[in-house]
Amino acid sequence: MPKDATANSRQQRRLGRLYETGITRATVLIHEENRANFEVIRPLLRDPRFAESLSRAARLVAEEGPVNVAQVAQLSPFRYPGGKTWLVPEIRNWLRSRSKKPAIFAEPFAGGAIASLTVAAEGLAEHVYMTELDEDVSAVWQTIFSEPDWLSNKIKNFDVTHENVLHVITKKTTSIKEKAFQTIVRNRTQRGGILAPGAGLVKKGENGKGLKSRWYPETLAKRIEAIHSLRHKITFTKADGFDLISRFSKEPRAAFFIDPPYTAGGKSAGKRLYRLNDINHCNLFEQAKKVAGEILMTYDDSEEVRKLAAKHLMKIEEIPMKNTHHALIRELVITKP
Ligand SMILES: C[S@@+](CC[C@H](N)C(=O)[O-])C[C@H]1O[C@@H](n2cnc3c(N)ncnc32)[C@H](O)[C@@H]1O
């Protein structure tokens, strides 16, 4: 007997056995715990007039659910200097420890935005707001949310040669989407993913693969698609992070994740890594202290930051981590007590 016919007859026998126990193709199996809820919607299921509302409810449930969570650790299209992938477990715990899910998750200095993407993908807050002021970084977020296919196709069709890379990254353009593509190319071919002026191109790269060593077009396209699918949960604005904090400062159900460029106490990392690095750290602490909601700030360890935190009666926790050169450094996580 052909394989398909064997499978068919086995299936028929299985269905026959189930039929004998009273289970037919029209039977709906419901877990005991869901029985009460099911009884509520049972009459609606029989009535075709409710088909549209039920489909809408199903869509809402699907949107609430996690989106591509498995990919989230690596969901950002950026390799972001000072990126906070390592802090994601802390951020998850912090949000889950609230008695109520935050209505707003706000990330005023978004950069590669791994925190915002994780929160949106895992439904850890009702809505995510992120701002970034750098126009190149912003162009990437704006384009992912408005023209993801254009960006993915540009990436997939790009032939990474020295000549092509130089052509793209030196081009003057005012188009946001062209800027987005240019930024992705720079981020993937410049040393350490640094986008600040003066960053040089990768020379040898991983395994001597040179400029191509961080160029993964299919992966980038998948991330762009996944982020675009979260568009109903994330509002990105090219704006000053201080304005985002002010906007939600009176909202008790807002949670702010604040990761500014590290320039406090004369630290130079922020200046080398980001074009926009001139932050008034005193004002930032002042503003953060006053918000009605929760805050979690991160900083490089420095005397000045410790003093600012103490002055504003904030709680400091030290988190040891390895930097990209595998040196053990301490980062400070600062919260309101
Ligand atoms: C430490 S990085 C953020 C990294 C981010 N947490 C991540 O995981 O990728 C700080 C970011 O703040 C941005 N920035 C600097 N000044 C800003 C401002 N006034 N408003 C908004 N963003 C600003 C910089 O361009 C940089 O991308």
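1. Considerations on the overall build of the chain
Then, number 1: Regarding its fold elements, the chain presents 14 helices and seven strands.
Then, number 2: Once local pairs closer than 6 in sequence are excluded, the contacts in the chain between residues at least 24 apart make up 69%.

2. Describing empty space enclosed by the protein
Rolled over the atoms, a probe with the dimensions of a water molecule shows which regions are left empty.
Then, number 1: Following the criterion strictly, the structure yields one cavity of 30 Å³ or more and no others.
Then, number 2: The space that makes up the largest cavity amounts to roughly 30 Å³.
Then, number 3: Along the walls of the largest cavity sit V88, I91, R92, I114, A115, T118, V119 and L124, which together make up its complete lining.
Then, number 4: Within the residue set of the lining of the largest cavity, elements represented by two or more residues are α4 (88-96) and α5 (114-121).
Then, number 5: The greatest single-element share of the lining of the largest cavity, amounting to four residues, is contributed by α5.
Then, number 6: A breakdown of the residues in the lining of the largest cavity according to their chemical character gives six nonpolar, one polar and one charged.

3. Examining the layout of surface pockets
Then, number 1: Computed from the structure, the second largest pocket encloses a volume of approximately 180 Å³.
Then, number 2: Taken together, 14 residues form the lining of the second largest pocket, with D136, I169, Q182, R186 and R275 sitting closest to its centre.
Then, number 3: Secondary structure elements with two or more residues in the lining of the second largest pocket: α6 (135-146), α8 (162-170) and α9 (176-189).
Then, number 4: For the lining of the second largest pocket, the leading source of residues is α9, giving four residues.
Then, number 5: Across the lining of the second largest pocket, the residue classes break down as four nonpolar, three polar and seven charged.

4. Regarding the environment of E147
Then, number 1: Checked against the element boundaries, E147 lands in the loop between α6 and α7 (148-156).
Then, number 2: With 30 residues separating them in the primary sequence, E147 and K177 have C-alpha atoms 7.7 Å apart.

5. Section: the nonpolar core
Then, number 1: Counting 52 residues, the largest nonpolar core has I91, F105 and W141 as the members making the most contacts within it.
Then, number 2: Top element by residues in this core is α6. It accounts for six residues.
Then, number 3: For F105, the residues in contact, after removing those within four places along its chain, are I91, W94, L95, A115, S116, V119, A125, H127, V128, Y129, A255 and F257.
Then, number 4: Residues A106, F248, Y262 and L332 belong to the second largest nonpolar core, which totals 27 residues.

6. Some remarks on the pattern of salt bridges
Opposite charge on two side chains permits pairing when their charged atoms draw close.
Then, number 1: Tallied over the full model, the rule gives 15 salt bridges.
Then, number 2: A salt bridge links E122 to R96, with the nearest nitrogen and oxygen atoms 3.7 Å apart. One end of the pair, E122, is in the loop between α5 and β2 (127-132); the other, R96, is in helix α4, and 26 residues separate them in sequence.
Then, number 3: A relative accessible area of 16% means that E122 is categorised as buried.
Then, number 4: We classify R96 as exposed; its relative accessible area is 53%.

7. Brief notes about the pairing of strand β4 (residues 254-258)
Then, number 1: Burial within β4 is extensive, with five of its five residues counted as buried.
Then, number 2: In this sheet, β4 lies alongside strand β1 (residues 104-107) in parallel orientation, the contact comprising three bridges. Bridge pairing in β4 links I104 to A254.

8. Regarding the environment of P261
Then, number 1: Structurally, P261 is set in the loop between β4 and α12 (269-273).
Then, number 2: As a C-alpha pair, P261 and D278 span 17 residues in sequence and 8.0 Å in three-dimensional space.
Then, number 3: Setting aside anything within four residues of it in sequence, one finds P261 in contact with F109, G270, Y274, L276, N277, I279 and H281.

9. Notes on the packing of aromatic side chains
Then, number 1: This structure, assessed with the given rule, holds nine aromatic pairs.
Then, number 2: Pairing F78 with W141 gives two aromatic rings, centres 5.6 Å apart and planes at 55 degrees, and the pair type is tilted. A residue pair is termed long-range when its members are at least 10 positions apart, and F78 in the loop between α3 (51-64) and α4 and W141 in helix α6 qualify at 63 residues.
Then, number 3: The class for F78 is buried, based on a relative accessible area of 6%.
Then, number 4: Residue W141 is classed as buried on the basis of its relative accessible area, which comes to 0%.
Then, number 5: Centroid distance Y80 to Y274: 6.0 Å. Interplanar angle 15 degrees. Geometry classified as stacked. Residue Y80 is located in the loop between α3 and α4, and its partner Y274 is located in the loop between α12 and α13 (281-290); the two are separated by 194 residues in the primary sequence.
Then, number 6: By relative accessible area, which is 17% here, Y274 ends up buried.

10. Description of the site of the ligand
Then, number 1: Looking at the ligand, there are 24 residues lining it, with Y80, K84, E132, G241 and D259 nearest.
Then, number 2: L133 places a polar main-chain atom, nitrogen or oxygen, 3.4 Å from a nitrogen atom of the ligand.
Then, number 3: One nitrogen or oxygen atom from the side chain of D240 is found 3.2 Å from a nitrogen atom belonging to the ligand.
Then, number 4: Considered on its own, the ligand offers 600 Å² of accessible surface; in the complex 97% of this is hidden by protein.
Then, number 5: For the shell around the ligand, a count of residues per class yields 13 nonpolar, five polar and six charged.

Calculation criteria
- Residues numbered from 1 in each chain as written.
- Predicted model: local features only at pLDDT ≥ 70, side-chain atom pairs only at ≥ 80, totals over all residues.
- Heavy atoms only, no water.
- Helix = DSSP H or I, 4+ residues; strand = E, 2+ residues; numbered from the N terminus.
- Contact = heavy atoms within 4.5 Å.
- 1 Å grid on protein atoms, 1.4 Å probe; cavity = no way out; pocket = protein on both sides within 12 Å on 5 of 7 lines; lining within 4 Å.
- Points joined across faces, edges and corners; volume = space filled by probe spheres on them.
- Nonpolar A, V, L, I, M, F, W, Y, C, P; charged D, E, K, R; others polar.
- Core = buried A, V, L, I, M, F, W, Y, C linked by side-chain atoms within 4.5 Å.
- Buried < 20%, exposed > 50% of the residue type's maximum accessible area, 1.4 Å probe, protein only.
- Salt bridge = Lys/Arg side-chain N within 4 Å of Asp/Glu carboxyl O.
- Pairing = 2+ DSSP bridges.
- Phe/Tyr/Trp six-rings, centres within 6.5 Å; stacked < 30°, edge-to-face > 60°.
- Near = heavy atom within 4 Å.
- Polar contact = N/O pair within 3.5 Å; in protein donor to acceptor, adjacent residues only side chain to side chain.
- Areas by Shrake-Rupley, 256 points an atom, 1.4 Å probe, with all protein chains shown as cover.

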